[in-house]
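# Structural characterization, general
What follows is the residue order along each chain.
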Amino acid sequence: MFEKLEDVEDRFQEVEGLLAQPDILSDQARYRDLGREHAELNEVVTLFRAYRELEQEMEDLRELVQDKDPEMSAMAAQELPALEERNEQMAEELTQLMLPRDPNDGKNAILEIRAGTGGDEAALFAGDLFRAYTRFADRHGWKVEILNSSESGAGGFKEVIAMVSGKDVFSLYRASGSGGQHVNKTESAVRVTHIPTGVVVSCQDGKSQHKNKAKAMQVLRSRILDSMQNEQDAQMAAERKTQVGSGDRSERIRTYNFPQGRCSDHRIGLTLYKLDAIMQGDFEEIIESLRTHYQSEQLAGQQEQ
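Heads up: these notes are all about the structure in this document. (Residues numbered from 1 in each chain as written. Predicted model: local features only at pLDDT ≥ 70, side-chain atom pairs only at ≥ 80, totals over all residues. Heavy atoms only, no water.)

A separate point is the nonpolar core. Of all hydrophobic cores here, the largest spans 30 residues; its most connected members are Ile113, Trp142, Tyr173, Tyr256, Phe283 and Ile286. Looking at this core, the elements with two or more residues in it are β1 (109-114), α5 (119-139), β3 (157-165), α6 (169-174), β8 (270-272), α9 (275-278) and α10 (284-304). Per-element accounting of this core gives the leading share, 7 residues, to α5. Among the nonpolar cores identified, the runner-up in size contains 22 residues, and Val45, Tyr51, Leu61 and Leu94 belong to it. (Core = buried A, V, L, I, M, F, W, Y, C linked by side-chain atoms within 4.5 Å. Buried < 20%, exposed > 50% of the residue type's maximum accessible area, 1.4 Å probe, protein only. Helix = DSSP H or I, 4+ residues; strand = E, 2+ residues; numbered from the N terminus.)

Set out below in structure tokens:
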């Protein structure tokens, strides 16, 4: 791993040099790409350098433990355990940072919420859940644009599809009403079918047929890409099946218990008694717990190889 970290540091220094070159400064697209890479590498390199400094400090203390001066030796022996503990923590953090990054992590995401079994009650909850995710997006400065929706008579959603755009959107969704304005949803409605796969997408939320078609194509591309990835990577397919269910009440992924104010994620055995906050978009603790769980699985898989 440390050979890889040295390679990362070399690349970081190379990128720093490139960012200072006049021809790169004049190429905004290239400069933006390098700036993004620099930011991603900076976290790893900063921690790696701190880790090396700590290693040297520990080595110096080990030498002092052998010092003939009893007072100096005792002082070094007293300080060493805390540094060794911190050293282990930093090594674990570096290992996690060096895990293969999903190439889609920095991309936008299509969020699809459908009411399961339960009629109006399920549709109302789908609406509540969509608003919770919208608030979560707002907390991160992301933009949410509804691409297609089917409202229920009670004010919820039978289905709602939205584009969530912003920094590192996909890396965080992967690991959770009526506007008062009438829109004619018949003349501008668009239905697109991808003949090779049979995937069908309809979009009718906008007044413009041209814009509806563009939105439908975004959803179509997302679904086809998802299908292709599932076919190419069996592990990814298995992960998706744990995240996307049929909507049946017996198929429990996450439970929202309103009388008890409880939210439970059954995949990782996490229960939080803060449902009010979660429905206001406070998904951070759930997402961090899921991320830690899947990182542990990745680390275990690497160690078995």
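The subject of this paragraph is the sheet that holds strand β6 (residues 254-257). The strand order across the open sheet built from 3 strands is β6-β7-β8, with neighbouring strands paired in antiparallel fashion. Each having just a single partner strand, β6 and β8 make up the two edges of the open sheet. Each neighbouring strand pair of the sheet contributes to a mean axis angle of 10 degrees, computed without reference to strand direction. Summarising the sheet, strand β7 (residues 262-265) and β8 pair through 3 bridges and their orientation is antiparallel. Its bridge partner lying in β8, Ser264 is registered against Thr271. (Pairing = 2+ DSSP bridges. Axes fitted to C-alpha atoms, helices over the stretch in contact; angles between N-to-C directions.)

Within the secondary structure, Gln66 is located in the loop between α3 (28-65) and α4 (70-97). A C-alpha to C-alpha distance of 9.1 Å links Gln66 and Ala76, two positions 10 residues apart in sequence.

To continue, consider the packing of α3 against α4. Between α3 and α4, the shortest axis-to-axis distance is 9 Å and the interhelical angle comes to 155 degrees. Our classification of the angle between α3 and α4 gives roughly antiparallel. For the element pair α3 and α4, the recorded crossing hand is left-handed. (Parallel < 35°, antiparallel > 145°, perpendicular 65-115°, else oblique. Left-handed = near helix turned anticlockwise from the far one by under 90°.)

A few words on the packing of aromatic side chains. Tallied over the full model, the rule gives 6 aromatic pairs. Where Tyr133 meets Phe283, the ring centres are 4.6 Å apart and the plane angle is 10 degrees; that geometry is what we call stacked. Of the two residues, Tyr133 and Phe283, neither departs from the other in class, the shared state being buried. Within the aromatic cluster, the residues linked to one another by ring pairs are Tyr133, Phe136, Trp142 and Phe283. (Phe/Tyr/Trp six-rings, centres within 6.5 Å; stacked < 30°, edge-to-face > 60°.)

Within the structure shown, the criterion is met by 19 salt bridges. A salt bridge links Lys167 to Asp168, with the shortest nitrogen-to-oxygen separation between them at 3.1 Å. The class for Asp168 is partly exposed, based on a relative accessible area of 23%. In this structure, Arg254 and Asp265 form a salt bridge, with 3.2 Å as the shortest nitrogen-oxygen distance. Taken together, the residues span a long stretch of sequence, with Arg254 in strand β6 and Asp265 in strand β7 at a distance of 11 residues. Overall, the relative accessible area of 16% leaves Arg254 in the buried class. Each of Arg139, Lys274, Asp282, Glu284 and Glu285 takes part in one network of salt bridges that share partners. (Salt bridge = Lys/Arg side-chain N within 4 Å of Asp/Glu carboxyl O.)

With that settled, consider α5. Taking 1.5 Å of rise per residue, 21 residues should cover 30 Å, and α5 covers 31 Å from first to last C-alpha, within 8% of that figure. Taken together, the buried positions of α5 are occupied by Ala122, Ala123, Ala126, Gly127, Leu129, Phe130, Ala132, Tyr133, Phe136 and Ala137. Gly141 occupies a position one or two residues after α5 and carries a positive phi of about 75 degrees. (Expected span 1.5 Å × (residues − 1).)

So, on to the sheet that holds β1. Ordered by their spatial adjacency, 3 strands build an open sheet running β1-β3-β2, and the pairing between neighbours is antiparallel. Of all the strands in the sheet, just β1 and β2 (143-151) have a single pairing partner and so form its edges. Strand-to-strand twist across the sheet, computed as the mean angle between neighbouring axes with direction ignored, equals 15 degrees. Alignment of β1 against β3, held across 6 bridges, turns out to be antiparallel. Looking at β3, one finds that Glu112 is bridged to Ile161. Contacting β1, β2 and β3, α5 crosses the sheet at an angle of about 10 degrees to β3. (Contact = heavy atoms within 4.5 Å.)

A few words on the side chain of Ser73. Note on placement: Ser73 falls in helix α4. Residue Ser73 is classed as buried on the basis of its relative accessible area of 16%. At a separation of 2.5 Å, a polar atom in the side chain of Ser73 contacts the main-chain carbonyl oxygen of Val65. Apart from residues lying up to four places away in sequence, Ser73 is in contact with Leu64, Val65 and Asp67. (Polar contact = N/O pair within 3.5 Å; in protein donor to acceptor, adjacent residues only side chain to side chain.)

Everything listed is a geometric property; what it means functionally is a separate question.
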